Each structure stands twice: as structure tokens, then as C-alpha cells.
Amino acid sequence: MRVSIGVTNYSWPGGPNGLGSELDRLVRGADRAGVDTVWVVDHLLQADPTAPPEDTEMLEAYTALGFLAARTERVRLGTMVSGVTFRPPALLVKAVTTLDVLSGGRAWLGLGAGYHGEEAEAMGLPLPPVAERFQRLEETLRIAAQMWAGDDAPFEGRHYRLGRPAGSPLPIQRPRPPVLIGGTGERKTLRLVAQYADACNLFDIPDGGPYGQIEKTLSTRLEAGETSDAFARRCEAAAALGIEHMVVLTSSPWTAEALSTLAAAITTLRQAGSPAT
């Protein structure tokens, strides 16, 4: 059972002037605690429905991940997840490749079709109809695979046309960084997971893909006052259902106490023989 943390709320009490030190504290603690991955949301506005209305601070995801990479040595880094229409595919692939190279091979590509209509309207971001977003998602996954293979032949898709999708430098992780696809749709999302990805949020993968090679992740919240033993029991129950990777969120910004609880839970899982990372 892998245990990760997801950062969805940047509204620490110190305000913007203290954000760098708070993130530094959090990610260094996660690195020491044995957390597998630090995930950040990829939004321009606060999208967590459980966040207090006054918690509005939101950082750009890949700039934040670069900051975190410079302050860690072991923990993996990624977005949970990037909306496919918010960046051109080559730019997104280059961002993940850059993160992978500069972090020494610790990047994920977290990708989804996108959903937040209010954010798109408020910030002038493209959000075409659902069917088109899934077409763009698949084309982006194909472009990523081609660029990471070092193949700069022209790409001709329905929505994207790249004359020479150069991918130099190549990522450190070979054959490519791991890919996580977010979403819950059985007919579309899970088919793409089986065909292109390494991880998803569900464990009920349809036939046609290598089930055993797809990492099944579950996003969950660390409840206020929850003990490390109670959280470890939740992880064990999830593992019994086939979940291999718990991504832990908090409604408020992460605190030293919450991270300490998570670290103790990871220790408990290791002592119990669960292969927590």
C-alpha cells in the first residue's frame, strides 16, 4: 500500500508571504516520512467543495512542482490531475519532462478530461463538450507516448497537428514517466487507462488491459482528529479491496500534526508487513 498526500488548499494562516516556507515544511516532512507522492491540484481557482469559502489562494501547478522538486530527494511529484484542454499537448509533455529531468526521475503525468465549467468561464480557459474533451485526451496521450519515445514524425489527429513533436531531452524515467488518468467513466476513462496509463482512481478495470500492471489509487480525506492507527486500518481495508495507493487530502491546508499522523500510519503499515513506500 503506497500512501501519498494531495495538496488542494494553499491558504495557510501566514498568507502569500508564508506560502513558500509552508510548502517547504510540508514537502520536506513528506520526503522524510516515506510518503510516496506529493500531488498538487491543477486549477487556477479553488475547486475543493469542502474548503472554507475564504480559502481562495491557488498556485499554478507545474511552477509549484518545480519548487517542490528542488526541496526533496525521494518523493515523487505530479498533478491530480491536469485538465487536458488547459495546455497544448506539447507544452504539457514538456512540463512533465522538465520536472522529471530536474527531479532526477520523479515525475508523474496526471491527466483528465477536465470538468470545472465555472473555472473555465471565469478564467477564459477552453472547455469544449465532453465528447471532444475525451478525444483530445486520447490524442494527448498518444502525443506524450510519441514524444517520450523520441519519435518526432508529424502527428495528425482530429484536434491536434504537430509538424515535428521533438522531445529532447527525453525523460529520465524509461520508457516514460508513469501516467495516471483521473475520472470515473467506465466506457471512456477506464478504456484509456487500460490502453495508455499506469494508474487510475478505480480498481474495477475493464477487460482488455493488463489489470495487474495498473496501479489502483483512491483519494481519501484525513479526518480531523483521526488517529494514525485508525487511518492505517482504513488503508488495510482498502488494500483488501484491491487499492494499492492512497492519496490523502485535507479540507484545510496541511499541518505538521496531520503530516505526523500520516507518517505514523505509514510506519504502522510497514510494521504490519504492508509494502508501504
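Preceding this section is the structure that the text describes.
So, a few notes on the structure that sits alongside this text.

Moving on, we come to the overall build of the protein. Summing up its helical and strand segments, the protein has eight helices and eleven strands in all. A globule of 277 residues ought to have a C-alpha radius of gyration of about 19 Å, and the protein, at 18 Å, matches this closely. C-alpha atoms of the protein, sized along the principal axes, occupy 55 × 45 × 35 Å. Considering the protein as a whole, with its 277 residues, one finds that 54% of them fall into the buried category. For the protein, the exposed surface amounts to about 12,400 Å²; the carbon and sulfur share of it is 54%. Counting 26 positive and 32 negative side-chain charges, the protein places the centres of these two groups 5 Å from one another.

Before going further, it helps to examine the packing of aromatic side chains. All told, the structure shown has one aromatic pair when counted by the stated rule. Aromatic pair Trp-39 and Trp-108: ring centres 5.0 Å apart, planes at 50°, arrangement tilted. Residue Trp-39 is located in strand S2 (residues 37–40), and its partner Trp-108 is located in the loop between helix H3 (89–102) and strand S5 (109–112); the two are separated by 69 residues in the primary sequence. The pair Trp-39 / Trp-108 is uniform in exposure class, with both members buried. We note Arg-71 situated over the ring of Phe-67; from NZ or CZ to the ring centre the distance is 3.7 Å.

Our next topic: the sheet that holds strand S11 (residues 245–249). With parallel pairing, nine strands are arranged side by side in an open sheet as S3-S2-S1-S11-S10-S9-S8-S5-S4. With partners counted over all chains shown, the strands left at the sheet margins are strand S3 (76–79) and strand S4 (82–83), one partner each. Two strands pair when backbone bridges link them, and strand S10 (residues 215–221) and S11 are joined in this way by five bridges, in the parallel orientation. Each residue of the ladder has a partner; that of Leu-218, found in S11, is Met-246. Contacting S5 and strand S8 (179–181), helix H5 (residues 130–148) crosses the sheet at an angle of about 160° to S5.

A word on the packing of helix H1 (residues 19–33) against helix H8 (residues 256–271). With their axes 10 Å apart at the nearest point, H1 and H8 run at an angle of 10° to one another. By the angle between their directions, the pair H1 and H8 is classed as roughly parallel. Between H1 and H8, the residues in contact are Arg-25, Leu-26, Gly-29, Ala-30 and Ala-33 and Ala-256, Leu-259, Ala-263 and Ile-266, respectively. Across the contact of H1 with H8, the residue classes tally to seven nonpolar, one polar and one charged.

Scoring rules and cut-offs
Residues numbered from 1 in each chain as written. Predicted model: local features only at pLDDT ≥ 70, side-chain atom pairs only at ≥ 80, totals over all residues. Heavy atoms only, no water. Helix = DSSP H or I, 4+ residues; strand = E, 2+ residues; numbered from the N terminus. Rg over C-alpha atoms; globule rule 2.2 N^0.38 Å. Buried < 20%, exposed > 50% of the residue type's maximum accessible area, 1.4 Å probe, protein only. Areas by Shrake-Rupley, 256 points an atom, 1.4 Å probe, with all protein chains shown as cover. Lys, Arg positive; Asp, Glu negative; His and termini not counted. Charge placed at Lys NZ, Arg CZ, Asp CG, Glu CD. Phe/Tyr/Trp six-rings, centres within 6.5 Å; stacked < 30°, edge-to-face > 60°. Lys NZ or Arg CZ within 6 Å of the ring centre and 35° of its normal. Pairing = 2+ DSSP bridges. Contact = heavy atoms within 4.5 Å. Axes fitted to C-alpha atoms, helices over the stretch in contact; angles between N-to-C directions. Parallel < 35°, antiparallel > 145°, perpendicular 65-115°, else oblique. Nonpolar A, V, L, I, M, F, W, Y, C, P; charged D, E, K, R; others polar.

By themselves, these observations are geometric and do not establish any function.
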